[in-house]
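# Structure assessment
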Amino acid sequence: MARLQIAVLFGGRSGEHEVSLRSAAAIITGLRAQEQFEVLPVGITRDGSWLYGGDPLQALASGKVPGDNVCVTVLPDPAKRGLYVLEGKEAGCIIPVDVVFPVLHGTFGEDGTVQGLLELARLPYVGAGVLGSAAGMDKVMMKAVLEQGGVPVGPYVWFKSIDWERDSSRIMMEVKTRLGYPCFVKPANLGSSVGISKVHIEDGLARAVALAARFDRKILVEKYLPGREIECSVLGNDEPRASVPGEIIPCNEFYDYRAKYIDDRSEILIPADLSSQLRKQVRELAVKTFVLMDCAGLGRVDFFVDDKENKVWVNEINTIPGFTSISMYPKMWEASGLPFEDLLANLVALALERFVDRERLETVYDPEA
Ligand SMILES: Nc1ncnc2c1ncn2[C@@H]1O[C@H](COP(=O)(O)OP(=O)(O)O)[C@@H](O)[C@H]1O
Ligand SMILES: [Mg+2]
């Protein structure tokens, strides 16, 4: 049987470029270990060029692009489906691809942009579509959808940086009366805790807003939610299922960039030590969040759980969660009886299933028929 050609996309124009390289290294190894897959690694530079051939992972990690890489792209023309070679002897050739696996965290990859290109190109891909990706990336949009669907989220205020410039005292008053201190200030669209501050007193708000405004024009301020940080992995398309929940115990005051990637003193507990009632609630809410957000394939839903008050809030969903061999998403599946390589094979199968489902939809309407 012919092997499935899987194009793995990684790197990209995102503050989470490095994290993506780590996730991709694990995914490429996991797919290569399986007979049925042939992996085509495609490294996207910080400038947005797509490198293929040679070892693009090594090229991006070292910052040196050796001569054995060529630039490729995906054209929004289904007749030219695959990796289209842009330069060199093979310029104009198309390398066939069966499934694309975007391992891109953050902007230009997890936010629906690459997904839109792949839809136009009519290529099957792993993970959420355009809407699920975009809405999952925008924390304000996500909260609106979840609130509407009856999923508990914490109180928040949001505004655009121009609103702050015009009338910061009105916003400061709103934050004080509706949320109080401490509160969290975040850019609406980002990940890996980039641009996020915990603000203890009113005097610190302006500085935190200025930091968040460097990364997004939309800014979110959230009430501080006490409790444990619990996460749950979801897998599937129309009938998604949830893994056992896990717990993060950050080594810093909150789970900031340093605690996530630099300092390795944060602890991970899988499964999380929760009462059976809370465990059930977390798993049900994880699936509900995934469905409401119109996700597909995979998603990691993150919670705050106050076990003294028996309260659970959804913090966020990540549509392309960290995916190194020690990341929460695959680890929680492993603890649920699904090993890393089988998880990857499942994700590829789900991508093909979703593609077939969408291909069934009609794009021509004849009112006479
Ligand atoms: N409202 C909140 N209350 C308490 N802690 C928070 C709150 N919001 C964020 N945090 C802390 O900040 C971390 C990063 O915030 P999060 O919204 O998950 O952003 P990111 O998308 O960058 O991961 C969380 O893991 C948590 O430690
Ligand atoms: Mg988070």
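Look up: the structure comes first, before these words.
## Quick notes on the layout of surface pockets
In this structure, the second largest pocket occupies an estimated 370 Å³ of space. Lining the second largest pocket are 16 residues; nearest its centre among them are Asp238, Asp294, Cys295, Ala296 and Arg354. Listed by contribution, the elements that provide at least two residues to the lining of the second largest pocket are α4 (130-137), α10 (276-292) and α12 (340-359). Per-class residue counts for the lining of the second largest pocket are seven nonpolar, three polar and six charged.

## Side note on the site of ligand 1
Residues in close proximity to ligand 1 total 19 residues, the closest being Lys139, Lys186, Ser193, Glu229 and Lys260. Contact between ligand 1 and leucine 225: a nitrogen atom at 2.8 Å from a main-chain N or O atom of the residue. For ligand 1, an oxygen atom lies 2.3 Å from a polar atom in the side chain of glutamate 229. With the chains in place, 96% of the 540 Å² that ligand 1 exposes on its own is no longer accessible. Of all the secondary-structure elements, those providing two or more residues to the shell around ligand 1 are β9 (183-187), β11 (218-223) and β17 (311-318). Residue classes in the shell around ligand 1 are distributed as eight nonpolar, four polar and seven charged. Here the shell around ligand 1 spans two domains, and each of domain 2 (143-150 + 226-357) and domain 3 (155-223) adds at least three residues to it.

## Thoughts on empty space enclosed by the protein
Applying the stated criterion across every chain yields a total of two cavities of 30 Å³ or more. Considered as a void within the structure, the largest cavity measures approximately 40 Å³ in volume. What lines the largest cavity is Ile27, Phe101, Pro102, Val103, Val126, Leu298, Ile320 and Phe323. Examining the composition of the lining of the largest cavity, we find that three residues originate from one element, strand β7 (residues 99-103), more than from any other. The residue makeup of the lining of the largest cavity, split by class, is eight nonpolar, no polar and no charged. Three or more residues apiece are contributed to the lining of the largest cavity by two domains, here domain 1 (4-125) and domain 2 (143-150 + 226-357). Put simply, the second largest cavity is a space of about 30 Å³. Around the second largest cavity, the lining residues are Ser14, Gly15, Glu16, Gly106, Thr107, Leu190, Gly191 and Val194.

## A closer look at the side chain of threonine 324
With respect to the secondary-structure elements, threonine 324 resides in the loop between β17 and α11 (328-335). In this structure threonine 324 touches Arg22, Ser23, Ala26, Pro330 and Phe340, once residues within four positions along its chain are discounted.

## Some words on the pairing of strand β16 (residues 297-306)
On a regular strand, one side chain projects to one face of the sheet and the next to the other, so that they alternate. Summarising burial for β16: ten of the ten residues are buried, a large majority. Where strand β12 (residues 228-236) and β16 come together, nine bridges link them in antiparallel fashion. Bridged to arginine 228 within β16 is valine 305. By the bridge criterion, seven bridges tie β16 to β17 in an arrangement that is antiparallel. What sits directly across from phenylalanine 303, in β17, is valine 314.

## Quick notes on unusual backbone geometry
Cis peptide bonds are those with omega within 30 degrees of zero, and the linkage from tyrosine 181 to proline 182 qualifies with 0 degrees. By the secondary structure assignment, proline 182 is in the loop between α7 (168-178) and β9. The linkage connecting isoleucine 270 with the following residue, proline 271, adopts the cis geometry, with an omega of -5 degrees. Along the chain, proline 271 turns up in the loop between β15 (267-269) and α10. Within the chain, arginine 122 stands out as a residue other than glycine whose phi angle is a positive 60 degrees.

## Focus on the packing of aromatic side chains
Within the structure shown, the criterion is met by five aromatic pairs. Seen from their ring centres, phenylalanine 101 and phenylalanine 323 are 6.5 Å apart, and the 85 degrees between their planes marks the pair as edge-to-face. A residue pair is termed long-range when its members are at least 10 positions apart, and phenylalanine 101 in strand β7 and phenylalanine 323 in the loop between β17 and α11 qualify at 222 residues. Judged by centre distance (6.4 Å) and plane angle (15 degrees), the rings of phenylalanine 184 and tyrosine 224 are stacked. With a gap of 40 residues between them, phenylalanine 184 in strand β9 and tyrosine 224 in the loop between β11 and β12 connect regions that are remote in the sequence. Overall, the relative accessible area of 33% leaves tyrosine 224 in the partly exposed class. One Lys or Arg, arginine 13, reaches over the ring of phenylalanine 108 and ends 4.0 Å from the middle of that ring. Note that lysine 218 overlies the ring of tryptophan 158, its terminal NZ or CZ placed 5.3 Å from the centroid.

Calculation notes
Within each chain, residue numbers correspond to sequence positions counted from 1 in written order. All chains are assigned letters beginning at A, and all ligands numbers beginning at 1, according to the order in which they are written. Note on the predicted model: pLDDT of at least 70 is required for a residue's local features to be given, and 80 or more for side-chain atom pairs to be given and counted; whole-chain, interface and lining totals, by contrast, use all residues. For side-chain calculations, the full set of non-hydrogen atoms in the structure is used, while hydrogens and water are omitted. Grid points spaced at 1 Å over the protein atoms alone were grouped into cavities, where a 1.4 Å probe fits but cannot get out, and pockets, open sets with protein on both sides within 12 Å along at least five of seven lines, with lining residues defined by an atom within 4 Å of a point. Grid points are joined across faces, edges and corners, and a volume is the space filled by probe spheres set on the points. By definition, any uninterrupted DSSP run of H or I lasting at least four residues is a helix, any uninterrupted run of E lasting at least two residues is a strand, and each is numbered from the N terminus. Throughout, the ten residues Ala, Val, Leu, Ile, Met, Phe, Trp, Tyr, Cys and Pro are labelled nonpolar, Asp, Glu, Lys and Arg are labelled charged, and all others, Gly among them, are labelled polar. One heavy atom within 4 Å of a molecule or strand is enough for the residue carrying it to be called near that molecule or strand. Here a polar contact is recorded for every N or O atom pair within 3.5 Å, except that within protein the pair must consist of a potential hydrogen donor and a potential acceptor, and residues adjacent in sequence are included only if both atoms are side-chain atoms. Per-residue accessibility takes into account occlusion by the displayed protein chains alone, with areas from the Shrake-Rupley method and a 1.4 Å probe. Each domain's extent was defined by an automatic or database domain assignment. Residues are treated as being in contact if the distance between any of their heavy atoms lies within 4.5 Å. Only protein chains enter the accessibility calculation, which uses a 1.4 Å probe. A residue is then buried if its area is under 20% of the maximum for its type, exposed if over 50%, and partly exposed in between. Criterion used throughout: strands pair if DSSP finds at least two bridges between them. Note on ring pairs: Phe, Tyr and Trp rings are taken, using the six-membered ring of Trp, and paired if centres are within 6.5 Å. Classes follow the plane angle, with under 30 degrees stacked, over 60 edge-to-face and the rest tilted. Over a ring means this: the NZ of a Lys or the CZ of an Arg is within 6 Å of the ring centre and within 35 degrees of the ring normal.

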